[in-house]
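# Inside the fold
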Amino acid sequence: MKNFADSIVDWQQLYGRHNLPWQNTKDPYRIWLSEIMLQQTQVVTVIPYYLRFLEKFPDIEKLASASEENVLSLWVGLGYYARARNLHYCSKIISSNWGGKFPKNSKEIQSLPGIGRSTAAAIASFAYDERAPILDGNVKRVFARHFNIDDDIRNKNCEKKLWKLAEEQIEKSPNLNMTNYTQGLIDLGAILCKPKNPDCFRCPISATCVANHEGRQKELPKPTIRKKLPDKTIGIIAAKYKSQFFIEKRPSSGIWGGLWNLPEFSLSISPLIKAQSFGLIADKYFELDSLTHSFSHFRLFIYPIYLNVLKIQSKTLENNYCWLSKKQLTSIAMPLLIKKFLINLFKNTPDI
């Protein structure tokens, strides 16, 4: 009987995925881009973003010389915008510190912002055939079921145990094809060893899987007790003056970091008072339909307000504020939720 790693390689060659846009290449830039985009995001969602991004930024130098605004505009809708900012920042580091050449091993790759051990190993494995184990969420599930890890896989001690198992599987196969093995682990978790209803009948390692033998697929990995998401409530102001709207650029950190957005305000104060702080004078406002969006750590309830600005008082504002037309609003780097809200507003209220 073949061991764990070799069985996965054989299965991947026959039944795994081979024609994704970032496969069949040793270009570390393309592999890196795909690995960052695929973090907490499904393949089917990533593909069009990946292709558009490569068309605009085909190499590290092009990305490094781009503005953050242009990078973020291609990321709108993909979420987790810190990934885009880190990607851009990394390209500048690689351009200045590494002569535009991508680092050559997982240890060096991991030194870059926003790249953890598993992502660095995946890049090095695909690009350089480095014998480096990966351990993303899907792989943790495969290992927990196969090796009967009856602990919370998010626990640090459990994670150490899983990393040790991941290292051991590679050590047991000295002639391992790392590209096929790494892709095989990813494919196995995505195609067969799913969180619900795993297809154990077609699994290449079912004969040695403890969960399969003991019927514990639903129990493993041990479910994490999730806390109820707290709620956060804000208001946003769609302020129009003549044919333009007032917008602000969000800070680099936090949700929607670096994106343009309608100005926020606390519901404890009047939106007219908030507008005045920007020098915008209006005599009334209109409440619009609320919006809801769930982030990883909280739920956001947004209450939009529309106001028609009568005049603008002379007031010096920083560069992170500006006025844009309807057409410009739909083409800048803005949260998809807000962009859809504005498109719907313009469509249903033509006189705005």
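Quick note: structure is the one above.
Below: a short report on this structure. Worth saying up front: this structure is predicted, and the values here are computed from it rather than measured. (Residues numbered from 1 in each chain as written. Predicted model: local features only at pLDDT ≥ 70, side-chain atom pairs only at ≥ 80, totals over all residues. Heavy atoms only, no water.)

Let's shift gears to the packing of aromatic side chains. As enumerated under the stated definition, the model contains 17 aromatic pairs in all. With a centroid separation of 5.7 Å and 5° between ring planes, the pair formed by Phe246 and Tyr321 is classed as stacked. Here the residue Phe246 occupies a position in strand β2 (residues 244–249), and Tyr321 occupies one in strand β10 (residues 321–325), the gap between them amounting to 75 residues. A relative accessible area of 1% means that Phe246 is categorised as buried. According to the relative accessible area criterion, Tyr321 is partly exposed, its value standing at 22%. Against the face of Tyr49 rests Arg52, its NZ or CZ located 4.8 Å from the ring centre. We note Arg117 situated over the ring of Trp163; from NZ or CZ to the ring centre the distance is 3.7 Å. (Phe/Tyr/Trp six-rings, centres within 6.5 Å; stacked < 30°, edge-to-face > 60°. Helix = DSSP H or I, 4+ residues; strand = E, 2+ residues; numbered from the N terminus. Buried < 20%, exposed > 50% of the residue type's maximum accessible area, 1.4 Å probe, protein only. Lys NZ or Arg CZ within 6 Å of the ring centre and 35° of its normal.)

With that settled, the discussion passes to unusual backbone geometry. Look at the link from Leu220 to Pro221: it is a cis peptide, with omega at -5°. Here Asn148, not a glycine, exhibits a phi torsion of approximately 60°, which is positive. By secondary structure assignment, the location of Asn148 is in the loop between α9 (137–146) and α10 (156–171). On the basis of relative accessibility, which here comes to 29%, the residue Asn148 falls in the partly exposed class. A positive phi angle, near 55°, is found at Trp256, a position not held by glycine. Relative to the elements of secondary structure, Trp256 occurs in the loop between β2 and β3 (260–261).

Turning our attention to the side chain of Arg85. Positionally, Arg85 belongs in helix α6 (residues 82–97). One buried charged residue, Arg85, remains without a salt bridge, the closest side chain of opposite sign being Glu68 at 5.3 Å. Polar side-chain contacts of Arg85 include one of 2.7 Å to the backbone oxygen of Gly257. (Lys, Arg positive; Asp, Glu negative; His and termini not counted. Salt bridge = Lys/Arg side-chain N within 4 Å of Asp/Glu carboxyl O. Polar contact = N/O pair within 3.5 Å; in protein donor to acceptor, adjacent residues only side chain to side chain.)

Moving on to helix α15 (residues 336–348). For α15, built from 13 residues, the straight-helix expectation of 18 Å at 1.5 Å per residue is met to within 8% by its first-to-last C-alpha distance of 18 Å. Within the span of α15, buried status applies to Ile338, Lys339, Phe341, Leu342, Leu345 and Phe346. Viewed end-on, α15 has its buried residues packed into an arc of 160°, placing them on one side of the element. Among the exposed residues of α15, those pointing more than 90 degrees away from its buried face are Lys340, Lys347 and Asn348. Contact partners of the buried residues in α15: β1 (231–241), β2, β3, β7 (291–294), β8 (299–308) and α14 (326–329). (Expected span 1.5 Å × (residues − 1). Arc of directions from axis to C-beta. Contact = heavy atoms within 4.5 Å.)

With that settled, consider the nonpolar core. Counting 96 residues, the largest nonpolar core has Trp32, Phe53, Phe143 and Tyr181 as its most contacted members. For this core, the element with the most residues is helix α8 (residues 117–128), which contributes seven residues. Here Phe143 is in contact with Phe4, Asn148, Ile149, Leu162, Leu165, Ala166, Gln169, Tyr181 and Leu185, once residues within four sequence places are set aside. Residues Phe246, Leu272, Leu307 and Val309 belong to the second largest nonpolar core, which totals 12 residues. (Core = buried A, V, L, I, M, F, W, Y, C linked by side-chain atoms within 4.5 Å.)

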